[in-house]
Amino acid sequence: MSRHAEMDKRLLDIICCPATRLPLELLDAGRLSSLNDAIAAGQVRNHGNQPVAEALDEALVTRDGKLAYPVRDGIPVLLEDECIDLRRLSG
């Protein structure tokens, strides 16, 4: 395992969702692709009710799979207004 991957694992072990306090994990590639498709179609708004216009390279998701947080330039954006409620996405 690379040093970067170890650090990511340690980070995921200590951070949590600021809204629910649930643990976070990386959003899998399939769900990330579906989310990016919805973003491209203009169907995604964050909790701050702002449209999400840029596709995500990575995202963290609460362990229950309901909320996703963008990761920008390798840095998790753990602001409640920036999270995306995945339950609002169709399909």
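Cut-offs and rules
- Residues numbered from 1 in each chain as written.
- Predicted model: local features only at pLDDT ≥ 70, side-chain atom pairs only at ≥ 80, totals over all residues.
- Heavy atoms only, no water.
- Buried < 20%, exposed > 50% of the residue type's maximum accessible area, 1.4 Å probe, protein only.
- Helix = DSSP H or I, 4+ residues; strand = E, 2+ residues; numbered from the N terminus.
- Pairing = 2+ DSSP bridges.
- Contact = heavy atoms within 4.5 Å.
- pLDDT = per-residue confidence, 0-100.

Draft legend 1. The pairing of strand β2 (residues 58-62), seen in detail. β2 sits mainly inside the fold: four of its five residues count as buried. One ladder, built from three bridges, connects strand β1 (residues 24-26) with β2; its direction is antiparallel. Along β2, the bridge assignment pairs leucine 26 with leucine 60. As paired elements, β2 and strand β3 (residues 67-72) share four bridges and run antiparallel to each other. Bridge assignment links glutamate 58 to a residue of β3, and that residue is valine 71.

Draft legend 2. How the structure looks around the environment of glycine 65. Note on placement: glycine 65 falls in the loop between β2 and β3. Separated by 30 residues in the primary sequence, glycine 65 and leucine 35 have C-alpha atoms spaced 13 Å apart. Residue contacts for glycine 65: discarding those within four places in its chain leaves Arg31 and Leu86.

Draft legend 3. The confidence of the model for the chain, seen in detail. Per-residue confidence for the chain gives a mean pLDDT of 89; residues scoring 70 or more make up 90%. The least confident element of the chain, judged by mean pLDDT, is helix α1 (residues 3-14) at 67; the most confident is strand β5 (residues 84-85) at 98.

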